[in-house]
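If you want the building blocks of each chain, they are given just below.
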Amino acid sequence: MPGIRSPRGKGADLAGEDEKRRAAAVFDALGSGYEKAFAHSEAHRRSLEWLLGRLAPGSAVLDVGSGTGRPTAATLVAAGHDVLGVDVSPVMVGLAGQQVPGARFRCADVRDLPLEEGSFDAVCVYFSLLQMDRAEQSGLIARLARALRPGGSLVLATVPLDVEGVDAVFMGRPVRVTSFAGEELVGVVRAAGLTVLAEEDTLFTPDHPEAVPEPHLFLHCGRD
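Predicted, not measured: the structure shown is a model, and the values here were computed from it.

Peer 1: Describe in detail the pairing of strand β5 (residues 148–158), supporting the description with residues and values.
Peer 2: Burial within β5 is extensive, with eight of its 11 residues counted as buried. Pairing of strand β4 (residues 120–126) with β5 involves six bridges; the strand directions are parallel. Bridge pairing in β5 places Ala122 opposite Ser153. Regarding the hand of the β-α-β motif, the stretch spanning β4, helix α6 (residues 134–146) and β5 is right-handed. Inspection of the sheet shows β5 paired to strand β9 (residues 214–223) by six bridges, in the antiparallel sense. Note that in β9 the partner of Leu156 across the bridge is Leu219.

Pasting the structure below:
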């Protein structure tokens, strides 16, 4: 009924927990191999350079899906910023803590993480939405936008394909992928109250024997 939200049933909760466990298991298994496969992404580094150019000294940055901590958290910490990384994989969080001791890392699902409004100067979301459904992606982007201080920045990267709940293989591991086409994602970002200030489309091939070229979209956004 309009205006009434139905409660989630136990079945939905259990399904959600299963999805989280599967996502954690994939990246636990990949470990440092994930970092190696994506280490040569020049578009990612250009995105970080764009962000660094907008940050005041000592800015508070949230890194969503922080992985091994490199290059995102490492680059930001080296520039003197206060970084909180969040990742669902305990293995990734352990690696990040070792590799980037100057940042703080939490093993958690960002969907369950309390986010205070206006608490961060910037938020990074590099390829960390692809195992969420579209409603979850849209809702999370809106929450992250609200977590930004006025004038804050959000950088988001994804594989811009019009797919929903598609079974795929990522670096030898089975995954279920959902994404938006580029124009649709821009619409989601704008609906969250953000302005797209710059974007880059590129084709990237991860350094992995089973990898094929894949489209990458980087959105560089600001909150008024």
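Peer 1: Provide a residue-level description of the packing of aromatic side chains, including the pertinent values.
Peer 2: Applying the stated criterion to the full structure yields four aromatic pairs. The interplanar angle of 40° and the centroid separation of 6.5 Å between the aromatic rings of Phe38 and Phe127 together place this pair among those described as tilted. With Phe38 in helix α2 (residues 32–38) and Phe127 in the loop between β4 and α6, this pair connects stretches of sequence that are 89 residues apart. For the pair formed by Phe38 and Phe127, the shared burial category is buried. Members of the aromatic cluster, each reached through a chain of ring pairs, are Phe38, Tyr126, Phe127, Phe204 and Phe218. In this arrangement the basic side chain of Arg134 is found over the ring face of Phe180, its NZ or CZ atom lying 5.2 Å from the centre.

Conventions we followed
- Residues numbered from 1 in each chain as written.
- Predicted model: local features only at pLDDT ≥ 70, side-chain atom pairs only at ≥ 80, totals over all residues.
- Heavy atoms only, no water.
- Buried < 20%, exposed > 50% of the residue type's maximum accessible area, 1.4 Å probe, protein only.
- Helix = DSSP H or I, 4+ residues; strand = E, 2+ residues; numbered from the N terminus.
- Pairing = 2+ DSSP bridges.
- Right-handed = clockwise from strand over helix to strand, strands pointing away.
- Phe/Tyr/Trp six-rings, centres within 6.5 Å; stacked < 30°, edge-to-face > 60°.
- Lys NZ or Arg CZ within 6 Å of the ring centre and 35° of its normal.

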